[in-house]
Amino acid sequence: MDLIRQFANLPEKDKGAVVALGNFDGLHAGHKKVLSHVAELAKTLDASTGVVSFEPHPRTFFQQEAPPFRLTPLDVKLKLLAQEGVQKAYIVAFDEVFRGKTAEQFLNDFLMSQLHVKGIVVGHDFCFGVNRQGTVELLQRWGQEKGIAVSVITECTHKDGTSFSSTQLRDFIRAGNVKAAAEFLHRPWEIDGIVIQGDQRGRKIGFPTANIDLADYLRPAFGVYAVRVLIQGQEELGWLPAVANIGRRPTFNKENDLLEVHLFDFDQDIYGQKLQVQLIEFLRPEQKFSGIEALVTQIRVDSEQAQKILAEKAH
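Since we're looking at a predicted model, the values are computed, not measured.

## As for the environment of E12
Item 1. By the secondary structure assignment, E12 is in the loop between β1 (2-4) and β2 (18-21).
Item 2. In sequence terms E12 and L115 are 103 residues apart; their C-alpha atoms lie 9.4 Å from each other.

## A short note on the pairing of strand β12 (residues 274-285)
Item 1. β12 sits mainly inside the fold: nine of its twelve residues count as buried.
Item 2. The sheet contact formed by strand β7 (residues 190-196) and β12 spans five bridges and is antiparallel. Following the sheet pairing, I194 is matched in β12 by K274.

## Quick notes on the sheet that holds β12
Item 1. Strand order around the closed barrel formed by six strands is β7-β8-β11-β10-β9-β12, with antiparallel pairing between neighbours. Neighbour-to-neighbour, the strand axes of the sheet open up by a mean angle of 40 degrees, direction not taken into account.
Item 2. Relative to strand β8 (residues 210-213), β7 is paired through two bridges, and the arrangement is antiparallel. Each bridged residue has a counterpart across the sheet, and for V195 the counterpart in β8 is I212.
Item 3. Helix α8 (residues 178-185) contacts β9 (223-231) and β12 of the sheet and is inclined by roughly 135 degrees relative to β12.

## A short note on the packing of aromatic side chains
Item 1. On inspection of all chains with the given rule, the structure shows 13 aromatic pairs.
Item 2. Judged by centre distance (6.4 Å) and plane angle (50 degrees), the rings of F54 and F106 are tilted. With F54 in strand β3 (residues 49-55) and F106 in helix α5 (residues 103-112), this pair connects stretches of sequence that are 52 residues apart.
Item 3. A relative accessible area of 2% places F106 in the buried class.
Item 4. Consider the rings of F106 and F110, whose centres lie 5.7 Å apart with planes at 20 degrees: the pair is stacked. Residue F106 and its partner F110 are located together in helix α5, separated by four residues, close to a single helical turn.
Item 5. Taking relative accessible area as the criterion, F110 reaches 6% and is therefore assigned buried.
Item 6. Ring pairing ties together the aromatic residues F7, F54, F94, F98, F106, F110, F126 and F128, which thus form one cluster.

## A word on the nonpolar core
Item 1. If you look at the biggest cluster of nonpolar residues, it comprises 55 residues, and the most contacted ones within it are V227, L259, V261, L275, V277 and L279.
Item 2. When residues of this core are assigned to their parent elements, the largest contribution, six residues, is made by helix α1 (residues 29-45).
Item 3. Look past the residues within four positions of V261 in its chain and what remains in contact with it is P208, T209, A210, V227, V229, A242, V243, A244 and V277.
Item 4. Judged by nonpolar contacts, the second largest core, of 29 residues, contains V19, L111, F126 and F128.

How each quantity is defined
- Counting restarts for each chain: residues are numbered from 1 in the order of the written sequence.
- With the structure being a predicted model, the display of local features is reserved for residues of pLDDT at least 70 and the display and counting of side-chain atom pairs for 80 or more, all residues being used for whole-chain, interface and lining totals.
- Hydrogen atoms and water are omitted, and side-chain values are computed over all heavy atoms in the structure.
- In this text, helices come from DSSP runs of H or I with a minimum length of four residues, and strands from runs of E with a minimum of two, each type numbered from the N-terminal end.
- Exposure categories follow from relative accessible area, calculated using a 1.4 Å probe and restricted to protein chains: below 20% of the type maximum is buried, above 50% is exposed, and the middle band is partly exposed.
- By definition, two strands form a pair when at least two bridges between them are found by DSSP.
- Working convention: axes come from line fits to C-alpha atoms, limited for helices to the stretch in contact. Angles between N-to-C directions cover 0 to 180 degrees.
- A contact between two residues is defined here by any heavy atoms of the two lying within 4.5 Å.
- Working definition: a ring pair exists when centres of Phe, Tyr or Trp rings (six-membered ring for Trp) sit within 6.5 Å. Plane angles under 30 degrees give stacked, over 60 give edge-to-face, the rest tilted.
- Side-chain atoms within 4.5 Å are what join buried Ala, Val, Leu, Ile, Met, Phe, Trp, Tyr and Cys residues into a set we call a nonpolar core.

So far we have only geometry, and geometry alone does not tell us how the molecule works.
Right, here's the structure in full:
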């Protein structure tokens with residue numbers, strides 16, 4: 001997949017795509033439906049497939065003091081888009097200049113004059129332009145006037161009738177309901193990050209952990225999870241079973257949010273390496289223990305429970 005962030009004087013190979021418009025945070029089943037229509041329309045028009053997305057996420061731009069909420073930081077989103085077969089990722093810098101563009105400027109100056117798009121696919125609730133004045137109806141009228149194919153995808157719902165949306169997905173994860181999140185995503189939700197130096201307290205009590213800063217990721221319900229881990233650069237090992245704590249370690253009076261992963265039967269030094277951590281099942285909320293002995297006893301219980309869950313899911 002080609003990553004494109006500069007749009008003046010685009011080479012011809014990067015023009016004329018059929019593009020989906022949106023933030024695509026999480027890349028859930030509703031997003032995948034949009035992308036499948038992009039592929040169909042692109043085939044009809046003999047065009048490449050693309051996504052036009054925005055960084056930082058507009059919500060980050062307008063609510064800079066808000067808690068972290070991202071489901072998929074840019075590098076993860078790009079990886080997932082590539083897996084869906086997207087050929088061009090047009091990543092627009094969402095800044096003071098861009099936020100002031102009218103809907104018509106976005107359509108005429110960017111999509112038509114710079115990208116020369118052949119087709120556009122959006123979800124039914126897509127809005128764009130200053131003060132979100134651009135609607136799908138405006139987009140459809142513009143497409144008819146300019147001879148550009150526009151497809152609006154109707155609402156996509158889960159089998160229980162719930163609409164697929166990033167907002168609903170965030171609600172699931174905040175509640176620790178990672179099973180429901182996985183149904184929305186058609187895959188487990190994951191946190192990717194570099195292993196950083198910790199207090200090495202886990203090693204001293206017999207449960208060494210790989211520590212990952214949560215950065216801009218949405219905070220799941222604090223607590224213990226059964227997880228699977230893929231070590232980038234060691235993919236031949238496959239997804240490794242593990243147990244993880246997400247939170248602030250109240251037993252040790254810590255205050256920073258951290259993901260701590262204990263890999264079963266694993267003793268390699270992986271400091272500085274990138275891990276993909278899939279949250280499979282929530283085991284219990286984070287809690288403060290009376291001392292190390294009580295904590296170790298509970299970690300043993302958590303580890304046994306996680307191993308059982310992951311073994312069952314492996315069959």
